[in-house]
Amino acid sequence: MDLNLNRADYLQVGVTSQKTMKLLPASRRRATQKVVVGDHDGVVMCFGMKKGEAVTVFKTLPGQKIARLELGGVLNTPQEKVFVAAGSEIRGFTKRGKQFLSFETNLTESIKAMHISGSDLFLSASYIYNHYCDCKDQHYYLSGDKINDIICLPVERLPRITPVLACQDRVLRVLQGSDVMYEIEVPGPPTVLALHNGNGGDSGEDLMFGTSDGKLGLIQITTSKPIHKWEIRNEKKRGGILCVDNFDIVGDGVKDLLVGRDDGMVEVYSFDNANEPVLRFDQALSESVTSIQGGCVGKDGYDEIVVSTYSGWVTGLTTEPIHKESGPGEELKINQEMQNKISSLRSELEHLQLKVLQEREKYQQSSQSSKAKSAVPSFSINDKFTLNKDDASYSLTLEVQTAIDNVLIQSDVPIDLLDVDKNSAVVSFSSCDSESNDNFLLATYRCQANTTRLELKIRSIEGQYGTLQAYVTPRIQPKTCQVRQYLIKPLSLHQRTHVIDHDRPMNTLTLTGQFSFAEVHSWVVFCLPEVPEKPPAGECVTFYFQNTFLDTQLESTYKKGEGIFKSDNISTISILKDVLSKEATKRKINLNISYEINEVSVKHTLKLIHPKLEYQLLLAKKVQLIDALKELQVHEGNTNFLIPEYRCILEEADHLQEEYKKQPAHLERLYGMITDLFIDKFKFKGTNVKTKVPLLLEILDSYDQNALIAFFDAA
């Protein structure tokens, strides 16, 4: 059966964080439920719907930003007590709005994630996990990387307390007390955890996870090891997952999986006979979905998906039809309802217009008074700068609580801006003087009306590092702008991985000197993405990385006084040598640098580049032929006389041109990598071969893999 859901906007609160909206349990099946939501103004609001209008049950006073909202209560009873995390404090409210709990945890960092199970409270700040029972400290754990979410397997179904932490380093950490029982590697940085079917599935051990690069998976957490059940790859390149829920919206007696993403996509997955998820419904909203719940809010008997968005809209996607089949009497009633709704909206609009006029006058008076302070309006920006493994590009997502007027992008390092299909903004480039003021890029994106979210794609060059700046100007008066900065690191296209191939030919760079563990860690943080800012626990640490563009790898092991870096790409070692020695010189630290170069690794890297280079050369050749072939087609009237290869090029012309357009400077980038590899190979031998580069470029123009390898060997 097809799933038809109609959108209904209920009300707007302040800006919301991830997982800050819940539905209170219904008194009976398919009866309307109350919605409780917390926002960045610190307000907790509970409301229900009556005759199409939102009616407030309770609303708290503003306070610290609410980071999480969970429901709790005595185990095996309706969970209808509301708990919120704000700063380092946990507050509890009854369903009527009476505060019954104020628990100051005294954590040094703000609470980022929370889970409640009976009298057990599980909290995490950026790196710290705490377990409390009846507000008394029980267990503590310090994580090696940031904790994004926390959950506990259902204690009412299992004989043990098993908390699970979702950590930024692509790992789920399963705890027992204050110790890690085991770690589970997942395909991306996990952002959200949920119990399968809301209760851990058949075994009570089934746990769902969603990642920041849009993947979903189900894992059974047994006492000894994890069992991977299924995984949904992000084939459609949609946004990261912020929230999930289980609810039978299809009405077949099996709970469906509801998913909310940070690009505004809402998805419903049903389960087939093999218990594998199948996409049944999707709908795009214009901003990121911070919370998602299944239930009944708008009208008795009609199930719906309720979502909250970044700017604070609480919206329902309901099974209630918009146009009802009705007799003459019913029609009259509907018309009357519509008339009442229109008149109430009109009066609300007039009231708002009056309020705007009053506020504008008040602002004018305060800004002109002699004691006036700077009255620059503040606004929230939700931004994300992440590396995409699939195409080795960075995604910069900017989301503002109000409409964006324009965004100016400035960079002091050479970068390419790639096309984004979802982006409707008009881009214009300004000429840059990179010689005198380090400006390599100045681009302005002018957004269409009501655009609150902008996504950009950027590709950087390894070895060139600096800062990318985004100046965001929303459509508010008086004009105001916020600047956000993003670091382009020396090895910006490297991504953390859990395993590498130790059989590859590796080059080694060894640093020794009078430096501390914290100092060498700060250098690695400066050079490579996805490394936690705090030095990990212990005296020695090893990180593995993979180059997303070339698939080469890097192993970095370091401790106090020593750092060893191994890579199958000489250029990676060369960049590290230059940057690390520069950083050490800045801090007046004397470094002893030694290296071992494996000649075989050069041929190995060229073989990794070969398929990419061959593909790009073929693509460029095909695109060059398209115009000539089209002219022949027009002249001859058909394409029967052409060989199959040329006919195929004509058939795929649009796709080929699209792909070629999406990859500006891709060929030049590959040429640049081969040139750097050539120069770096001989740099370690103490030879300058820059004069031979024109000859190398000639060989690349008439590319042949064997001729290229022979040139590298002979030079």
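The notes below deal with the structure included here. (Residues numbered from 1 in each chain as written. Predicted model: local features only at pLDDT ≥ 70, side-chain atom pairs only at ≥ 80, totals over all residues. Heavy atoms only, no water.)

## Quick look at the packing of helix H9 (residues 693-701) against helix H10 (residues 705-714)
And step 1. Contact geometry of H9 with H10 gives a least axis separation of 9 Å together with a crossing angle of 165°. Considering the angle they form, H9 stands roughly antiparallel to H10. For the pair H9 and H10, the crossing hand works out as right-handed. For the pair formed by H9 and H10, the contact residues are Leu-695, Leu-696, Ile-699 and Leu-700 on the first element and Ala-707, Leu-708, Phe-711 and Phe-712 on the second. (Axes fitted to C-alpha atoms, helices over the stretch in contact; angles between N-to-C directions. Helix = DSSP H or I, 4+ residues; strand = E, 2+ residues; numbered from the N terminus. Parallel < 35°, antiparallel > 145°, perpendicular 65-115°, else oblique. Left-handed = near helix turned anticlockwise from the far one by under 90°. Contact = heavy atoms within 4.5 Å.)

## Structural notes on the pairing of strand E30 (residues 393-400)
And step 1. Taking burial as the measure, the 8 residues of E30 include 8 buried ones, the bulk of the element.
And step 2. By the alternation rule, side chains of E30 split into Ser-393, Ser-395, Thr-397 and Glu-399 and Tyr-394, Leu-396, Leu-398 and Val-400, which are all buried.
And step 3. In the sheet, strand E29 (residues 381-388) pairs with E30 via 8 bridges, with the strands oriented antiparallel. Bridging across to E30, Asn-382 finds its partner in Glu-399.
And step 4. Here E29 folds back onto E30 in antiparallel fashion, the turn holding 4 residues, of which Ala-392 has a positive phi close to 50°. (Buried < 20%, exposed > 50% of the residue type's maximum accessible area, 1.4 Å probe, protein only. Pairing = 2+ DSSP bridges.)

## Focus: the pattern of salt bridges
And step 1. Scanning the model with the defined rule gives 34 salt bridges in all.
And step 2. Between Glu-205 and Arg-160 there is a salt bridge, with its nearest N and O atoms 2.9 Å apart. Of this pair, Glu-205 sits in the loop between strand E18 (190-195) and strand E19 (206-211) while Arg-160 sits in the loop between strand E14 (147-152) and strand E15 (163-167), and the two are 45 residues apart along the sequence.
And step 3. For Arg-160, a relative accessible area of 17% gives the class buried.
And step 4. The partner of Asp-169 in a salt bridge is Arg-173, with the nearest N and O atoms 2.8 Å apart.
And step 5. The buried category is assigned to Asp-169, whose relative accessible area is 8%.
And step 6. Arg-173 gets classed as buried once you look at its relative accessible area, which sits at 6%.
And step 7. Here the salt bridges share partners, and the residues they tie into one network are Arg-238, Arg-261, Glu-267 and Asp-282. (Salt bridge = Lys/Arg side-chain N within 4 Å of Asp/Glu carboxyl O.)

## Some thoughts on the nonpolar core
And step 1. Leu-396, Val-407, Ile-409, Leu-613, Ile-674, Leu-708 and Phe-712 are the most contacted members of the largest nonpolar core, which has 80 residues in total.
And step 2. Setting aside residues up to four positions removed in sequence, Ile-674 forms contacts with Leu-606, Ile-609, Leu-613, Leu-696, Leu-700, Leu-708 and Phe-712. (Core = buried A, V, L, I, M, F, W, Y, C linked by side-chain atoms within 4.5 Å.)

## Examining the packing of aromatic side chains
And step 1. The tally for this structure, following the rule as stated, stands at 15 aromatic pairs.
And step 2. Note on Phe-58 and Phe-93: the rings are 6.2 Å apart at their centroids and 25° apart in plane angle, and the pair reads as stacked. One end of the pair, Phe-58, is in strand E5 (residues 53-59); the other, Phe-93, is in strand E8 (residues 89-93), with 35 residues separating them in the sequence.
And step 3. The exposure class of Phe-58 is buried, given its relative accessible area of 8%. (Phe/Tyr/Trp six-rings, centres within 6.5 Å; stacked < 30°, edge-to-face > 60°.)

## What about a positive patch on the surface?
And step 1. There is a patch of like positive charges on the surface, built from Lys-34, Lys-50, Lys-51 and Arg-96.
And step 2. With respect to the helices and strands, Lys-50 occurs in strand E4 (residues 44-50). (Patch = residues over 30% accessible without salt bridge, like charges linked within 9 Å, V, L, I, M, F, W, Y side chains within 5 Å. Areas by Shrake-Rupley, 256 points an atom, 1.4 Å probe, with all protein chains shown as cover. Lys, Arg positive; Asp, Glu negative; His and termini not counted. Charge placed at Lys NZ, Arg CZ, Asp CG, Glu CD.)

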